[in-house]
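# Descriptive analysis of the structure
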Amino acid sequence: MDSLWIVAALAVLAIPVAVVVLLVGFARLRHRVDGLEADLRALKSRDRPQAPEELAAVARPESAVSAKAPVRPAPVQSPIGAEVNPWAPKASAIPPSADGPVVLNAARASALALWLRDNWVYAVSALSLAFAGVFFVQYGMEKGLLPPAMRVAMAILFGLSLVGAGEWIRRRSGDGKAATTAYLPSTFSGAGIVSMFAGVLAARQLYGLIGVEAAFAGLVLVAALAVVLGWFYGPFLAAVGLIGAAAAPFVVGGSSDAAYWLYGYFALIAAAGLAVDAVRRWAWVSVLALFLGYAGGWLVLQGTGGEGWFALLLAGLAVLSVLVPALRLQPDHDGPMLTEALVSRGGSGWPIFPVRLAAGSILLSTLGLTMIQGATASESIMAFGCLGVLALVLMIWSNRARALADLAFVPAAGFLVRLGLEGIDGWPLAWDYSQQAMALRPAETAGPYTAGVLLAAATGMTLIAAGRSRAAEYRAFWAAGAALIAPVAAMVLELVWSPSAVIGAYPWALHVIALAALMAFLATRFAAQDGEDRRRAAYMVLSTLSLIALALFLVSTKGALTLALAVLVAVAAALDRRFRLPEMAMFIQAAVIVLSYRLVIDPGLFWAIDAALTWEVLASYGGATAGMVAGMWLLQDLDRRGARVFLESAGAAYGALLANVLITRWLTAGQSGDWVLAPWALSLNAMPWLILALVQLYRLQLGGVLRWLRWGIAIVAGALGLGGIAAAALPANPVVGFIGGAEGLVYGPYILDTLLVAYGLPAALLLAALTRLGHLNRWLRIALTGLGCALSGLYSALEIRRFWRGDDLSVSGVTQPELYSYTLALMILGAALLYQAIAGRSTGLRRAAMAVIALTVAKEFFIDASGLSGLTRVFSFLALGLSLAG
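Numbering of residues starts from 1 in every chain and runs along the sequence as written. Local features are withheld for residues below a pLDDT of 70 in this predicted model, meaning they are given only at 70 or higher, and side-chain atom pairs are given and counted only at 80 or more; totals for whole chains, interfaces and linings count all residues. With hydrogens and water stripped out, all remaining heavy atoms of the structure feed into the side-chain values.

This part takes up the overall build of the protein chain. For the protein chain, the helix and strand inventory stands at 33 helices and zero strands. Taking all 886 residues of the protein chain together, the buried fraction comes to 46%. Pairs of residues are marked as contacts when any of their non-hydrogen atoms sit within 4.5 Å. Contacts in the protein chain between residues far apart in sequence, at least 24 positions, make up 72% of those at least 6 positions apart. Runs of E in the DSSP output that reach at least two residues are strands. Runs of H or I that reach at least four are helices, and both are numbered from the N terminus. Using a 1.4 Å probe on the protein chains alone, a residue whose accessible area is under 20% of its type maximum counts as buried, one over 50% counts as exposed, and one in between counts as partly exposed.

Laid out in structure tokens, this is it:
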């Protein structure tokens, strides 16, 4: 009975083939009859006489006829027709050819939809035949028909019969739209390829008849057959074969003790599709093949895991996308780079299709290798290794491929990003490394070498990039990459991996300083090789200085590190002056930002005020100020506007911060009260923010993309600074008496007292800064001027009150001498302003002087007159009259 079922199944499978053979025979006969009828009609038309119009048309020249006759439209091609060669640069004028590559775009997608609408029967037929072979194997497994070896053999034989039928039809009638059999050869052969893929997979996964090696060999043979058939049949067969091969593992189902090998299977599918494209230049086949490779690998990852194997697949697909379409072991892609096209917005031409294909694959592989977390440390190591190897391979192999130069840094950037993510999120490798900290592992045991190995991998990328920079083209581009990769890796490791806690600060600092020595060596070599073009040497010097700063950060105290950074700023300025290295300005500006952060925030002003070592505070703030002054002096003859602006503003700010720290330490020495609420303390704490705001306003003259960022920092810092000064001038004012106690008293000698700190210094800072803020809006400068003058007036008035009433200014009432002193001060101020206005021919000062004089007159008549008496009143009005007359 089982034998009858087997025979019936084979008969059913053979029916479609027989029917097709009959249809083909009928179509051939119909085609021959149509040809004979056409020949007969042509013979009849030749015998009839020609009309006069036809004779005239024959007599006219060909050009005259073509000028008036309508042009016959070209026949509509299939969606896999030809177009201008995208494998060549866009600027080239290569004429379209019938075998040119086809890129999948909107027009092609629309044509494909129309083709499927008109020819859907072929696609359904191919899928039906393919599933027939697959389900035959599955049915045999479910019913127990035939031994497993026979089931596999029948599936493969069925696939070979379909391929044979397709080849027989193609040789008899052709394959394509013009043939009478249309796309039947591709339909049968594609279904046969799928059936053979399914047979090999069933032999391996379902029945275990063959090992991994035999399965790979069988799949390679089937893939090679698909490539050969694709050469003759066209992209339809290639697409059917690729899609069917990718779907076969999921259709067959079952389980396997080595499912990870499917990663290699999908890599093989991608390679087969890329090989077909490489031979026939059907570009969309490459896109389809890579899509199936990535999608299939991702599905296997979701079902079985194996992040390490998935990492190998991602790296392999990226390499295949570069090498296979070019059919060369060393790529030679020419034309513009992707970054060039993006920067110029297509002005330099768009990259050729193989470059776009490689870029997409490399970006996708790098993204996957960067983001896969991995379940174990070894899988994380595999991801890092694939990123590093991929970067090195692209750097080495792209020396003849101009268009791929920028893509070599994509996996390098992914390596650095993964380095940060691994440490921040605590992925397995970083977690295992942190558990080996000196405080956690047994004594007398060595720490792991993980950080050193990762830094060595980044150093290898740096060395290869430095070697590539010897070429004449893009030497600065490669040198910049070399100067960034390893130093950035060292900084990321320090920030998120904390190697000092695992191997010790000094050994880790030795790693960093050794890398700095390597960068210094490269700088000397580049300086000797490049002559006047010192960009490569400058980049290496920047890297060296940054690494030295990092090493100092690891082993130095807070004050020593700040002083070392200031020295490095001066060294950078000296190198620029000696060797004319404009790139040093970038290091100077970055170092100034870091120094500002250290002096204000970490360790910051609170450390400077509370630190026991006065010399360390002086070294930090005084050394930073001296470093800025030295840098300005060294760059005074060079056109380094940005660096000079940073140095000038930072020098003034650091000097003000030094004065702030020294005054605060002097005033708070021995104080036991809540001095933070004292007016002078509020102003001192507000001064750094005010300085930061003024520095950002000063740097606005540099313009550029950071202009709005500087505005934002200035607004926030200005609000904090002015808020503190407003608190000191209003609720904490000694006259108001809101604070009370010892904190509300005035300390120090007259003039040089806490009133000067609270109000005089902020006023002087604002008025002095205005001399450097001429580029600001007029109304903003007027507002800053008014604020500075108001603080100056407040300071002068409070000094007069202290002279007459003592250290406690909150006592009630105003004495006559105090009132007269205010009037006299206003008269002197008005006279001084009026004199300066006349001397300088300034309308603004003249108006200010008259306003002060008017205020003095109002005070004299409305306030002083009621409080003065006797000769004091007489002499007051006498002095006022004489002053106004003068």
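Moving on, we get to the pattern of salt bridges. When a carboxyl oxygen of Asp or Glu lies within 4 Å of a side-chain nitrogen of Lys or Arg, that pair is called a salt bridge. Going through the model one piece at a time under the given rule, you end up with seven salt bridges. Arg418 is the salt-bridge partner of Glu422, the closest N and O atoms lying 3.5 Å from each other. Highlighted residues: Glu422 and Arg418, both in helix H15 (residues 409-425), separated by four residues, approximately one helical turn. Of the two residues, Glu422 and Arg418, both sit in the buried class. Of the charged contacts in the structure, one is a salt bridge between Asp576 and Arg640, with a shortest N-O distance of 2.7 Å. With a gap of 64 residues between them, Asp576 in helix H22 (residues 558-579) and Arg640 in the loop between helix H25 (614-634) and helix H26 (641-668) connect regions that are remote in the sequence. Arg640 matches Asp576 in its accessibility class, with the two residues each being buried. A single network of salt bridges, built from pairs that share partners, joins Asp753, Arg802 and Asp807.

Classification of ring pairs rests on two measures: the distance between centres of Phe, Tyr or Trp rings, Trp counted by its six-membered ring, which must be within 6.5 Å, and the angle between planes, read as stacked under 30 degrees, edge-to-face over 60 and tilted in between. Within this structure, the stated rule accounts for nine aromatic pairs. Summarising the aromatic geometry, the rings of Tyr265 and Phe266 are spaced 5.4 Å apart at their centres and angled 75° between planes, so their arrangement reads as edge-to-face. Accessibility expressed as a relative area gives 1% for Phe266, which makes it buried. Following the ring pairs from residue to residue traces out a cluster consisting of Phe409, Phe477 and Trp478.

For the rest of this paragraph, the subject is unusual backbone geometry. Cis geometry marks the peptide bond from Asp602 to Pro603, where omega comes out at 5°. Topologically, Pro603 is positioned in the loop between helix H23 (584-600) and helix H24 (604-610). At Ser498, a position not held by glycine, the phi torsion is positive, near 55°. For Ser498, the location among the structural elements is in the loop between helix H18 (475-497) and helix H19 (499-503). On the accessibility criterion, Ser498 (36% relative accessible area) is partly exposed. Its identity is not glycine, yet Ile751 carries a phi of approximately 75°, on the positive side. Within the fold, Ile751 resides in the loop between helix H28 (707-729) and helix H29 (754-769). The exposure class of Ile751 is partly exposed, given its relative accessible area of 49%.

Another point: the nonpolar core. Generally speaking, nonpolar side chains in soluble globular proteins are found buried as a group. Joining through side-chain atoms within 4.5 Å is the link that ties buried Ala, Val, Leu, Ile, Met, Phe, Trp, Tyr and Cys residues into a set, and such a set is a nonpolar core. In terms of nonpolar packing, the biggest core is built from 202 residues, with Tyr265, Met395, Met540, Ile588, Tyr621, Tyr654 and Tyr759 touching the most fellow members. Setting aside anything within four residues of it in sequence, one finds Ile588 in contact with Val569, Ala572, Ala573, Leu635, Ala643 and Leu647.

Attention shifts here to the packing of helix H20 (residues 505-530) against helix H21 (residues 535-555). Working note: a packed helix pair is described by the angle between its axes plus the distance between those axes. At a closest axis distance of 8 Å, the pairing of H20 and H21 adopts a crossing angle of 165°. The orientation of H20 relative to H21 falls into the category roughly antiparallel. Considering only the axes of H20 and H21, their crossing is left-handed. Under this grouping Gly is polar, as are all residues other than the nonpolar Ala, Val, Leu, Ile, Met, Phe, Trp, Tyr, Cys and Pro and the charged Asp, Glu, Lys and Arg. Residue composition of the contact of H20 with H21, grouped by class: 23 nonpolar, three polar and two charged. Between N-to-C directions, angles span 0 to 180 degrees; the directions come from axes that are lines fitted to C-alpha atoms, helices contributing only their stretch in contact. The cut-offs work like this: below 35 degrees is roughly parallel, past 145 is roughly antiparallel, 65 to 115 is roughly perpendicular, and the gaps in between are oblique. Crossing handedness is read from the near helix: turned anticlockwise from the far helix by less than a right angle, it gives a left-handed crossing, and turned clockwise, a right-handed one.

The next subject is a nonpolar patch on the surface. Here the term patch refers to residues with relative accessible area over 30% and no salt bridge, with like charges joined within 9 Å and nonpolar side chains (Val, Leu, Ile, Met, Phe, Trp, Tyr) within 5 Å. Accessible surface is estimated by sampling points in the Shrake-Rupley manner with a 1.4 Å probe; for residues, cover comes only from the protein chains shown. Together, Tyr750, Ile751, Leu752, Phe803 and Trp804 line one region of the surface with nonpolar side chains, adding up to about 560 Å² of accessible area. As for its placement among the helices and strands, Leu752 is situated in the loop between H28 and H29. Overall, the relative accessible area of 55% leaves Leu752 in the exposed class.

A few words now on the confidence of the model for the protein chain. As a note on interpretation, predicted positions should not be read in detail where pLDDT is low. The pLDDT averaged across the protein chain works out to 76; a share of 74% of its residues lies at or above 70. Each residue carries a pLDDT score, the predictor's own confidence in it, on a scale running from 0 to 100. The least confident element of the protein chain is helix H3 (residues 62-68), whose mean pLDDT is 39; the most confident is helix H17 (residues 450-468), at 92. For residues 1-30, every residue scores under 50 in pLDDT, and the model assigns this stretch 21 contacts once sequence neighbours within four places are set aside. Confidence over residues 50-104 falls short of pLDDT 50; this stretch has 71 contacts with residues more than four positions distant or in other chains.

Structural remark: α-helix, 3.6 residues per turn; residues separated by three or four positions point the same way. The length a helix should cover is 1.5 Å for every residue beyond the first. Counted at 1.5 Å a residue, the expected span for H28 with its 23 residues is 33 Å, and the 32 Å between its end C-alpha atoms agrees. Turning to H28, its buried residues number three or more, namely Arg710, Ala714, Ala717, Gly718, Gly721, Gly724, Ile725, Ala728 and Ala729. Buried residues along H28 sit against H26, helix H27 (679-699), H29 and helix H30 (778-805).

Along its 21 residues, helix H14 (residues 377-397) runs 30 Å from first to last C-alpha, staying within 8% of the 30 Å computed at 1.5 Å per residue. Taken together, the buried positions of H14 are occupied by Ala377, Glu379, Ser380, Ala383, Phe384, Cys386, Leu387, Gly388, Leu390, Ala391, Leu394 and Met395.

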